[in-house]
Amino acid sequence: MFVYEKKLQYPVKVKNTNPKLASVIISQYGGPDGELGASLRYLSQRFSMPYPELKGLLTDIGTEELGHLEMIGALVHQLTRNLTEEQIRSAGFDTYFVDRTAGVYPTAASGFPYSAASMACKGDLVADLTEDLAADGATIQEQHGWKPLKTLDC
Amino acid sequence: MEKPIQTQTCACAPGMGALPNGCASLAFPYIPMQENNPIRFSRTEALQTGTLFPGLDLPFKAAIQAQTQLPNTALVELMALDFAIKELNLYLDTHAGDQEVLQLYWSYLNLAKEGREKYEKMYGPLTSTTPTPENGYAWLKDPWPWDVGGND
């Protein structure tokens, strides 16, 4: 059971519309490693988890991902409000607009609609947690901070 | 004679966690276990940074933090408190025995209950099941969270 709370997890306030940016950010909404995929991945995998720690963790993370999905949706919505025809044409937003207008549609930036084929749910603890790492673990950018294993001096 | 099992007397540095034979950076695929009662950011700092735990604050996130300045509003205050609660919730899922953090979690939950009631009195209901006898069915009132002005 889910209960909706009428506030975002983090404020989304867009001053200037930017359809070009929206057409890229939309991937975080409905792309292969986007928030929709993340919530479905966690919320589906939890059913076969054998330990309460993992049932809880996947439930709680999956729920938080739904909050992230809402933030990205708000962001795309605000980036594409009150567009002029000229803005739509010149910003490369026309290919999205022709199908969805300014609707926030779960799609990858490439135009491929959200597909559950980009996630796995194997009913196996190790396979599923490894899948989560691949999809939602530390990103390449974050790995700049990687440090090698250090031995404890006790 | 067998060597007695050594009890661990030293801790990993901030940003590191324990593996069976040493410490390793947190949040990477070998998954070191975050140690009990880890150091924490303030709530506002946590919301701006995207994590409550300095140990999980990787450079990518730090770069974003440098550009972010959140306004000091009732909404942001509630968001910061709720974010800290969410972070502690996830931490406790894997560290249920950490009594110190559990106490902190409960104290934040009490703060959030009060904060939520105050916020709703001023700005309207946060859930469809909050009674609003003085304002009719206030649930529908604009702005919604994704609207322009919905985060002021």
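Residues numbered from 1 in each chain as written. Chains lettered and ligands numbered in written order. Predicted model: local features only at pLDDT ≥ 70, side-chain atom pairs only at ≥ 80, totals over all residues. Heavy atoms only, no water.

J.: Would you mind showing me how to read the nonpolar core here?
T.: Considering soluble globular proteins, one finds that nonpolar side chains tend to be buried as a cluster. Among the nonpolar cores identified, the biggest contains 46 residues, and Leu47, Leu88 and Tyr108 of chain B are the most heavily contacted of them. Among the elements of the structure, α1 (19-30) and α3 (52-79) of chain A together with α1 (43-49), α3 (74-94) and α4 (99-123) of chain B are those that each provide at least two residues to this core. The greatest single-element share of this core, amounting to 12 residues, is contributed by α3 of chain B. Residues Ala38, Leu54, Leu58 and Ile61 of chain A belong to the second largest nonpolar core, which totals eight residues. (Core = buried A, V, L, I, M, F, W, Y, C linked by side-chain atoms within 4.5 Å. Buried < 20%, exposed > 50% of the residue type's maximum accessible area, 1.4 Å probe, protein only. Helix = DSSP H or I, 4+ residues; strand = E, 2+ residues; numbered from the N terminus.)

J.: What is the right way to look at unusual backbone geometry in this model?
T.: Only a minority of non-glycine residues have a phi that is not negative, and only a minority of peptide bonds are not trans. For the peptide bond that leads from aspartate 142 of chain B to proline 143 of chain B, omega is 0°, which places it in the cis range. In this structure, proline 143 of chain B sits in the segment after α4. Of note, asparagine 82 of chain A is a non-glycine position whose phi angle comes to about 50°, a positive value. A residue is classified by how much of its surface remains accessible, and asparagine 82 of chain A, at 72% relative accessible area, is exposed. Here the phi dihedral of asparagine 37 of chain B falls at roughly 45°; this positive angle occurs in a residue that is not glycine. Within the element layout of this structure, asparagine 37 of chain B appears in the loop between β2 (22-25) and α1.

J.: Can you walk me through the packing of helix α2 (residues 35-45) of chain A against α3 of chain A in this structure?
T.: For any two helices packed against each other, the geometry is given by the interaxial angle and the distance between the axes. All names here are of chain A. In contact at an axis separation of 8 Å, α2 and α3 are set at 160° when each is read in the N-to-C sense. In terms of orientation, α2 lies roughly antiparallel with respect to α3. Where α2 crosses over α3, the handedness of that crossing is left-handed. Judged by residue contacts, Glu35, Leu36, Ala38, Ser39, Tyr42, Leu43 and Gln45 of α2 engage Leu58, Thr59, Ile61, Gly62, Thr63, Glu65, Leu66, His68, Leu69 and Ile72 from α3. For the contact of α2 with α3, the residue count by class is nine nonpolar, six polar and two charged. (Axes fitted to C-alpha atoms, helices over the stretch in contact; angles between N-to-C directions. Parallel < 35°, antiparallel > 145°, perpendicular 65-115°, else oblique. Left-handed = near helix turned anticlockwise from the far one by under 90°. Contact = heavy atoms within 4.5 Å. Nonpolar A, V, L, I, M, F, W, Y, C, P; charged D, E, K, R; others polar.)

From the geometry alone we can't say anything about function, so treat these as descriptive.
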